[in-house]
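# What the coordinates show
Chain by chain, the residues:
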Amino acid sequence: MTEICDHMKIVWPHIARPHCRQCGHMVHAEPPDRVWETVLQRVEAGQWSGDRTADALVTFELPLSEKMGLAEQFQLMTQQGFQRMVIDGQVLRLEDGLSTVKSGAGSVQIIADRLRLEPGQRNRFREACETAYRYGQGHLSVWSFQGSAAVSPHPFSQNLHCASCNLDAPEAKPALFSFNHPLGACPACKGFGRIISIDPTLAIPDTSKSIEGGVVKPWQTGMGMECQNDMMRKVRSAGIPTRVPFREMSEEQQRWVMDGESDYDPKDPEKSWPNKWYGVRGYFRWLESKAYKMHVRVMLSRYRSYQTCSECQGRRLRPEALAFRWTPPGQSRSLDLAGFYGLPIREALGLLEGAAKTLNLPSKDPIGLVFAEVRARLAYLESVGLGYLTVDRTTRT
């Protein structure tokens, strides 16, 4: 199984495509020619404010520096050949915008060119985009110019970047798709898919008990009795019932017992104990700060267990790696690498066999060799009757 994952991290960058992890759209570089074609497509599809005869503005963002005066920054842009900018949809000359730029504004849109969306303007549009990309650090916007106002900016990027969500897609390196490498592993669970943490079912094993009846197990003996007394003092002011079985309490009341008060902050004297209730989890967090003591570590081990990582949901890879998705030939659904690992071996093999026919990789091609190694290992597992197992099934099971 491990060898399959080691080979798939090499294959995946060649068959998967990056998607925005926020909006889900495919992310790709947008050179000037692609920007031109995209804008025309949006005009034809009615996604453009205006028709083909309307003027378009190609702009780039100019970050405003706090170390340099606004007039000096605009003068530098004027010396570069730029004359106008867009502020709140209005097109203004740079020298006229000094009084218009709001105090504390982080950036302004500088106009690289204004032109008609006509076939004869394609070369000029390309040059404007190249200029905007150069000064805008790989980002630009195309506006529709209606009357005297610039409306409906359409962002673009020449990098692997979702311009709409302003999120970058990382470079597709094999290490990014390995849960054994820091570059690809989920930062919360370090690629294990599980984390060891306090298990509420061990701290409160018998939910038929009430608060007064000792529902919190570690607080019934030894030093924990002090926490039981703390809780009994606080429940009265919080209006929490003390003689009702824990399982019959409302979710909000159970949350109060487990998590404490929502604004509890141990670093703030006014929001920590005795002013605010710390809850069962707060108690264990305090214990973990004393874990250098042997008896505290023994105490914690009684109430800890392995649980599915809440960040990656057991998928082991970081979000940037899961944003690379593959659409198998002949299918409409797309898979991330964790989704591929979750397939039965029989189905995964079928998808790779179909991909091999579509890609038609030469036998001596390095990627073709790795691709063949993955298929050979999956085919062996299928031939010995293990095709019903998922690829991510741990070997010890």
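Here we summarise the structure given alongside this text. (Residues numbered from 1 in each chain as written. Predicted model: local features only at pLDDT ≥ 70, side-chain atom pairs only at ≥ 80, totals over all residues. Heavy atoms only, no water.)

## So, the packing of aromatic side chains
This model, assessed by the stated rule, comprises 18 aromatic pairs. Measuring from ring centre to ring centre gives 6.2 Å for Trp273 and Trp277, while their planes differ by 70°; the resulting arrangement is edge-to-face. Here the aromatic rings of Trp326 and Phe340 are separated by 6.4 Å at their centres, their planes lie at 65°, and the arrangement is edge-to-face. Of this pair, Trp326 sits in strand β12 (residues 324-326) while Phe340 sits in helix α11 (residues 337-341), and the two are 14 residues apart along the sequence. One exposure class covers both Trp326 and Phe340, and it is buried. Of the aromatic side chains, those joined through ring pairs into one cluster are Trp219, Trp256, Trp273, Trp277, Tyr278, Tyr283, Phe284 and Tyr303. Sitting over the ring of Tyr306, Arg194 keeps its end group 4.4 Å from the ring centre. The residue whose ring lies beneath Arg316 is Phe179, and the NZ or CZ to ring-centre distance is 3.7 Å. (Phe/Tyr/Trp six-rings, centres within 6.5 Å; stacked < 30°, edge-to-face > 60°. Helix = DSSP H or I, 4+ residues; strand = E, 2+ residues; numbered from the N terminus. Buried < 20%, exposed > 50% of the residue type's maximum accessible area, 1.4 Å probe, protein only. Lys NZ or Arg CZ within 6 Å of the ring centre and 35° of its normal.)

## Remarks on the pairing of strand β3 (residues 84-87)
Pairing analysis gives four bridges linking β3 to strand β4 (residues 90-93), with the strands arranged antiparallel. For Met85, the partnering residue across the bridge sits in β4 and is Leu92. Taking the residues between adjacent antiparallel strands as the criterion, β3 and β4 are bridged by two residues, where Asp88 takes a positive phi near 55°. Pairing between β3 and strand β5 (residues 107-116): two bridges, direction antiparallel. Paired with Met85 across the strands is Ile110, a residue of β5. (Pairing = 2+ DSSP bridges.)

## A closer look at the pattern of salt bridges
In the structure shown here, the tally under the stated rule is 20 salt bridges. Between Arg377 and Glu3 there is a salt bridge whose closest N-O contact spans 2.7 Å. With Arg377 in helix α13 (residues 366-383) and Glu3 in helix α1 (residues 2-15), the pair connects residues that are 374 residues apart, well separated along the chain. As a salt-bridge pair, Glu347 and Arg333 come within 2.6 Å of each other at their nearest N and O atoms. In this pair, Glu347 is assigned in helix α12 (residues 345-359) and Arg333 in the loop between β12 and β13 (335-336), connecting sequence segments 14 residues apart. Residue classification places Arg333 among the partly exposed residues on the basis of a relative accessible area of 34%. (Salt bridge = Lys/Arg side-chain N within 4 Å of Asp/Glu carboxyl O.)

## Topic: the state of the cysteines
Counted under the stated rule, the structure contains zero disulfides. Unpaired in terms of disulfides, Cys20 finds its nearest cysteine sulfur in Cys23, a separation of 3.6 Å. The cysteine Cys165 is free of any disulfide, with Cys23 supplying the nearest cysteine sulfur at 3.7 Å. (Disulfide = S-S within 2.5 Å.)

## With respect to the sheet that holds β13
Strand pairing within a sheet occurs via backbone hydrogen bonds; the two strands may be parallel or antiparallel. Taking strand neighbours across the sheet as the criterion, the three strands line up as β1-β12-β13 in an open arrangement whose pairing is antiparallel. Edge strands, defined here as strands with exactly one partner in the open sheet, are β1 (17-18) and β13. One ladder, built from two bridges, connects β12 with β13; its direction is antiparallel. Bridge assignment links Trp326 to a residue of β13, and that residue is Leu335.

## A word on unusual backbone geometry
Cis geometry is found at the peptide bond from Trp273 to Pro274, where omega equals 15°. Tracing the backbone shows Pro274 in the loop between α7 (251-259) and α8 (279-288). Phi angles above zero are rare outside glycine, and Gln137 is one such case at about 55°. Tracing the chain through its elements places Gln137 in the loop between α4 (122-135) and β6 (139-146). Residue Gln137 is classed as exposed on the basis of its relative accessible area of 68%. Phi at Arg316 is positive, roughly 75°, even though this residue is not glycine.

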